[in-house]
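# Fold and geometry: a report
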Amino acid sequence: MRWLNLVLLVLYPVSWFAPLMRAGLLPIFGLSEISVISGLQSLWKSDIFLALLVTLFALFAPMLKTIGLALVQFHLLDRKTLPVLNLMGKFAMADIFLVALYITLSKGMGLGTIETAWGLYLFTACILGSIILGAIEGRKKVRQIEHASESL
């Protein structure tokens, strides 16, 4: 499990630069690819507070959770931090919800064209994988406690 978690440290940055969606005002002009990073760049120009929130939830929360989980798995961080780490992973899931909401609203309005791209699926898989690995690691803790109580 710890190696799968370490793979996330590589996949997260890839998912940030991968296209989440392709958007265009009219199909004849072509579609622009939007990634987490390009979206953040636009946000920093228009709404700094929102850009800070998205940066926190899209970049820092998933990476800190993954690094924290790796430290727990390699016995460099106390297992008592797992609930906080798992909470961080759930906050990261908010980004997926916001992107999905944006796509749904844009399609419903009929303004332009929006297509999902492979980066959205990669980013979603990274977040879900991180949540699942955190849950598995949390269950190990419960099993260790149960095993210790049975030994007494």
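The following refers to the structure shown. Residue positions are given per chain, counting from 1 as you read along its sequence in written order. The predicted nature of this model means local features are confined to residues of pLDDT at least 70 and side-chain atom pairs, given and counted, to a pLDDT of 80 or more, with totals for whole chains, interfaces and linings taken over all residues. Side-chain measures here rest on the full set of heavy atoms in the structure, leaving out hydrogens and waters.

### Some remarks on the packing of aromatic side chains
- Working definition: rings of Phe, Tyr and Trp (its six-membered ring) pair if their centres are within 6.5 Å, and the pair is stacked with planes under 30 degrees apart, edge-to-face with planes over 60 apart, and tilted otherwise. Per the stated rule, a full pass over the model turns up two aromatic pairs.
- On the basis of an interplanar angle of 80° and a centroid distance of 5.9 Å, the ring pair of Trp-3 and Phe-74 is categorised as edge-to-face. Taken together, the positions of Trp-3 in helix H1 (residues 2-17) and Phe-74 in the loop between helix H3 (48-73) and helix H4 (82-109) put the pair 71 residues apart, joining distant regions of the chain.
- Buried, partly exposed and exposed residues are distinguished by accessible area as a fraction of the type maximum, computed with a 1.4 Å probe on protein chains only: under 20%, between the cut-offs, and over 50%, respectively. Classification of Phe-74 as partly exposed rests on a relative accessible area of 29%.
- Geometrically, the ring pair formed by Tyr-12 and Trp-16 is stacked, given 6.5 Å between the ring centres and 25° between the ring planes. Taken together, the positions of Tyr-12 and Trp-16, both in helix H1 and four residues apart, correspond to about one turn of that helix.
- When its relative accessible area of 11% is taken as the criterion, Trp-16 is described as buried.
- Whether a charge sits over a ring depends on NZ of Lys or CZ of Arg being within 6 Å of the ring centre and within 35 degrees of the ring normal. Over the aromatic face of Phe-74 sits the side chain of Arg-2, whose NZ or CZ is 4.5 Å from the ring centroid. Secondary structure counts use DSSP, requiring at least four H or I residues in a row for a helix and at least two E residues in a row for a strand, with both numbered from the N terminus.

### Points about H3
- If you check H3, its first and last C-alpha atoms are 36 Å apart, about what 26 residues at 1.5 Å a residue would give, namely 38 Å.
- Polar contacts, as counted here, are pairs of nitrogen or oxygen atoms within 3.5 Å of one another; within protein the pair requires one atom able to donate a hydrogen and one able to accept it, and residues that are adjacent in sequence qualify only if both atoms are side-chain atoms. You can read the cap of H3 off the contacts: a side-chain oxygen lies 3.4 Å from the backbone nitrogen of Phe-49, and it is on Asp-47.
- Following H3 by one or two positions, His-75 adopts a phi angle in the positive range, close to 60°. Each residue after the first adds 1.5 Å to the expected span of a helix.

### Regarding unusual backbone geometry
- Here the phi dihedral of His-75 falls at roughly 60°; this positive angle occurs in a residue that is not glycine.
- Structurally, His-75 is set in the loop between H3 and H4.

### Side note on the pattern of salt bridges
- Counted as salt bridges are all cases of a side-chain nitrogen of Lys or Arg within 4 Å of a carboxyl oxygen of Asp or Glu. Considering all chains together, one arrives at three salt bridges under this definition.
- A salt bridge links Arg-79 to Glu-137; its shortest N-O distance comes to 2.8 Å. In this pair, Arg-79 sits in the loop between H3 and H4 while Glu-137 sits in helix H5 (residues 118-151), placing the two residues 58 residues apart along the sequence.
- Since its relative accessible area comes to 16%, Arg-79 is described here as buried.
- A residue is classified by how much of its surface remains accessible, and Glu-137, at 3% relative accessible area, is buried.
- Among the ionic pairs, Glu-137 bridges to Lys-140, the shortest N-O distance being 3.7 Å. Linking Glu-137 with Lys-140, this pair stays in helix H5, spanning three residues, or about one helical turn.
- Taking the relative accessible area as the measure of exposure, Lys-140 reaches 31% and is therefore partly exposed.
- Here the residues in one salt-bridge network are Arg-79, Glu-137 and Lys-140, joined through shared partners.

### Examining the packing of H1 against H3
- Inter-axis angles, ranging from 0 to 180 degrees, are taken between N-to-C directions of lines fitted to C-alpha atoms, where helices are fitted over the stretch in contact. As a packed pair, H1 and H3 sit with axes 9 Å apart at the nearest point and diverge in direction by 165°. By the angle between their directions, the pair H1 and H3 is classed as roughly antiparallel. Where H1 crosses over H3, the two elements pack in a sense that is left-handed. Across the interface between the two elements, Arg-2, Asn-5, Leu-6, Leu-8, Leu-9, Tyr-12 and Trp-16 of H1 pack against Ala-58, Leu-59, Pro-62, Met-63, Thr-66, Ile-67, Leu-69, Ala-70 and Gln-73 of H3. Our angle categories are set so that under 35 degrees counts as roughly parallel, over 145 as roughly antiparallel, 65 to 115 as roughly perpendicular, and the remainder as oblique. For any pair of crossing helices, the crossing counts as left-handed if the nearer helix is rotated counterclockwise from the farther one by less than a right angle, and right-handed if it is rotated clockwise. Contacts: residue pairs with any heavy atoms within 4.5 Å of one another.

### Structural notes on the pairing of strand E1 (residues 19-24)
- Among the six residues in E1, five count as buried, and that is most of the element.
- A strand pair is defined by DSSP finding two or more bridges across the two strands. Relative to strand E2 (residues 32-35), E1 runs antiparallel, the two being bridged by four bridges. By the bridge assignment, Ala-23 is partnered in E2 with Ser-32.
- The pairing of E1 with strand E3 (residues 113-116) spans four bridges and is antiparallel. Across the sheet, Met-21 pairs through a bridge with Thr-116, a residue of E3.

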